[in-house]
Amino acid sequence: MHSDPRPIGVFDSGIGGLTVLRHLLRLMPGEDFVYLGDTARVPYGNKSAETVRLYASQCADFLLRHDVKMIVVACNTASALALDMLRSHHSIPVLGVIEPAAGEAVRLTRSGSIGVIGTRATINSESYLKAISDVAGDRPIAIHSRPCPLLVPLVEEGWVDAPATRLIAEEYVRPLRQAGIDTLVLGCTHYPILAPVLQDLLPNVALVDCGECAAHQAMQLLEPHGESGHVPRLSLYVTDNTPAFTSLASTFLGRRVDEPVRVSLDGPQPVGRG
Ligand code: DGL
């Protein structure tokens, strides 16, 4: 069987894409990965579509210089605003997180009432509305969307268990609870880090982790690669060193990770390790 030894590239505006990488590592242990967190420019979710497209194409170019065989856009905001552009510019597979999550939400809902939380840019793009409607076809589905712009900075700060984070999350999900949703799409890859808080606030609601759904799709697209016992090589890059990144990365990936290498996405790029 032909298998391609090149790594898989993954990017996000910051720490959120690690929630996608976690599932990729679990489902595809034979692969190597290059991860880029654009921590100098996080959050993407409050920026214009033009800016997000520029940032996303710089992230993709960086990963391509590391000879990746596939790019996973581990960011809903970039998936919503830049996926078509990235696909039209690159010949390798470029996978987003929105379509896989939309499919899972439709599969899981019993009542047909689905909540979607995400950044302002993701919610305003109506990408989830379109993707869920496409999958649902004739089935009647009510979609209740809510932008939650304060959650990304809280996660980037590592304020996962802080009472303030719970209060803010509660404020955000209250209207969704009142609307009677039975399924909630965590439409931002930072949010699975807050899944325990969100699940506590919405105990009878199924949470959809878009990263897990995307990782399943990535696995279906690629031939299995690597020997059994292979320890995935993980190269982490950031555009700025943020205090929470390494500690949260280790906790989240369930393994000790090296300090990420800081890179600049502007101008000519030396190809570092990875
Ligand atoms: N984690 C990203 C997302 O899924 C980006 C959040 C942000 O940078 O605002 O949308």
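This structure is a prediction, so every number in the text was calculated from the model and none was measured.

## Here we look at the environment of E171
Among the structural elements, E171 can be located in helix 8 (residues 163–178). As for E171 and A101, which are separated by 70 residues in sequence, their C-alpha atoms are 24 Å apart.

## A word on helix 8
Because the α-helix completes a turn every 3.6 residues, residues three or four places apart line up on one side. Counted at 1.5 Å a residue, the expected span for helix 8 with its 16 residues is 22 Å, and the 22 Å between its end C-alpha atoms agrees. Of the positions making up helix 8, those classed as buried are T165, A169, Y172, V173 and L176. Contacts from the buried residues of helix 8 go to strand 5 (113–118), strand 6 (142–147), helix 7 (151–156), strand 7 (183–187) and helix 9 (195–201). Looking one or two residues past helix 8, G180 carries a phi angle of roughly 80°, positive in sign.

## Section: the pattern of salt bridges
Pairs can form between side chains of opposite charge once their charged atoms are near each other. Taken as a whole, this structure holds ten salt bridges when the rule is applied. Here E212 and R26 are joined by a salt bridge, their closest N and O atoms 3.4 Å apart. Of this pair, E212 sits in helix 10 (residues 210–221) while R26 sits in helix 1 (residues 18–27); the two residues are 186 residues apart in sequence, bridging distant segments of the chain. Exposure remark for E212: the relative accessible area of 31% places this residue in the partly exposed category. Note on R26: relative accessible area 47%, which makes it partly exposed. With its nearest N and O atoms 3.8 Å apart, the salt bridge here joins E171 to R174. One end of the pair is E171 and the other is R174, both in helix 8 and three residues apart, which spans about a single turn. Classification of E171 by relative accessible area gives partly exposed; the value is 47%. Here the salt bridges do not stand alone but share partners, grouping D4, R6 and D67 into one network.

## Some details on the nonpolar core
Grouped together as the largest cluster of nonpolar side chains are 53 residues, with contacts concentrated most on V10, L18, L21, L24, F33 and Y191. In contact with V10, not counting residues within four places along its chain, are G17, L21, L24, F33, V34, Y35, L36, L63, V72 and A74. The next biggest cluster of nonpolar side chains, apart from the first, holds 47 residues, and it includes Y55, A101, V106 and A121.

## Observations regarding the site of the ligand
Close to the ligand lie 14 residues, the nearest being S13, Y44, N76, T77 and H190. The backbone of Y44 places a nitrogen or oxygen atom 2.6 Å from an oxygen atom of the ligand. Surface burial for the ligand is 99%, taken as the share of its 300 Å² of free accessible area covered by protein chains. Judged by its atoms lying within 2 Å of the grid points, the ligand is housed in the largest cavity. Taken together, the residues of the shell around the ligand sort by class into six nonpolar, seven polar and one charged.

## With respect to the pairing of strand 8 (residues 206–209)
Here strand 7 runs beside strand 8; their pairing, made up of four bridges, is parallel. Residue pairing across strands places L184 opposite L207, the latter belonging to strand 8.

## Notes on the packing of helix 2 (residues 49–64) against helix 3 (residues 76–89)
Look at helix 2 against helix 3: their axes get within 9 Å of each other, and the N-to-C directions meet at 65°. With respect to each other, helix 2 and helix 3 are oriented roughly perpendicular. You can see that helix 2 and helix 3 cross each other, and the crossing is right-handed. The residues of helix 3 that touch helix 2, namely those facing A49, V52, R53, A56, S57 and A60, are T77, A78, L81, A82, M85 and L86.

## A word on helix 11 (residues 243–253)
What helix 11 keeps buried is the set A244, F245, T246, L248, A249, F252 and L253. Against helix 1, strand 2 (33–37), helix 7 and strand 9 (234–238) lie the buried residues of helix 11. Note on helix 11: the residue one or two positions beyond its end, G254, has a positive phi of about 70°.

## Focus on the sheet that holds strand 2
The six strands are arranged 4-3-1-2-9-10 in an open sheet whose pairing can be described as parallel. At either margin of the open sheet sits one strand with a lone partner, and together these are strand 4 (94–95) and strand 10 (261–262). Contacts from helix 1 reach strand 1 (8–12), strand 2, strand 3 (70–73) and strand 9 within the one sheet, and its direction differs from that of strand 2 by about 170°. Contacting strand 1, strand 2, strand 3 and strand 9, helix 2 crosses the sheet at an angle of about 155° to strand 1.

## Structural notes on the layout of surface pockets
Estimates place the volume of the largest pocket at around 290 Å³. For the largest pocket, the lining is made up of 18 residues, of which S79, L83, D84, E99 and S127 are closest to its centre. No other element matches the eight residues that helix 3 contributes to the lining of the largest pocket.

The rules we used
- Residues numbered from 1 in each chain as written.
- Predicted model: local features only at pLDDT ≥ 70, side-chain atom pairs only at ≥ 80, totals over all residues.
- Heavy atoms only, no water.
- Helix = DSSP H or I, 4+ residues; strand = E, 2+ residues; numbered from the N terminus.
- Expected span 1.5 Å × (residues − 1).
- Buried < 20%, exposed > 50% of the residue type's maximum accessible area, 1.4 Å probe, protein only.
- Contact = heavy atoms within 4.5 Å.
- Salt bridge = Lys/Arg side-chain N within 4 Å of Asp/Glu carboxyl O.
- Core = buried A, V, L, I, M, F, W, Y, C linked by side-chain atoms within 4.5 Å.
- Near = heavy atom within 4 Å.
- Polar contact = N/O pair within 3.5 Å; in protein donor to acceptor, adjacent residues only side chain to side chain.
- Areas by Shrake-Rupley, 256 points an atom, 1.4 Å probe, with all protein chains shown as cover.
- 1 Å grid on protein atoms, 1.4 Å probe; cavity = no way out; pocket = protein on both sides within 12 Å on 5 of 7 lines; lining within 4 Å.
- Sits in = over half its atoms within 2 Å of the grid points.
- Nonpolar A, V, L, I, M, F, W, Y, C, P; charged D, E, K, R; others polar.
- Pairing = 2+ DSSP bridges.
- Axes fitted to C-alpha atoms, helices over the stretch in contact; angles between N-to-C directions.
- Parallel < 35°, antiparallel > 145°, perpendicular 65-115°, else oblique.
- Left-handed = near helix turned anticlockwise from the far one by under 90°.
- Points joined across faces, edges and corners; volume = space filled by probe spheres on them.

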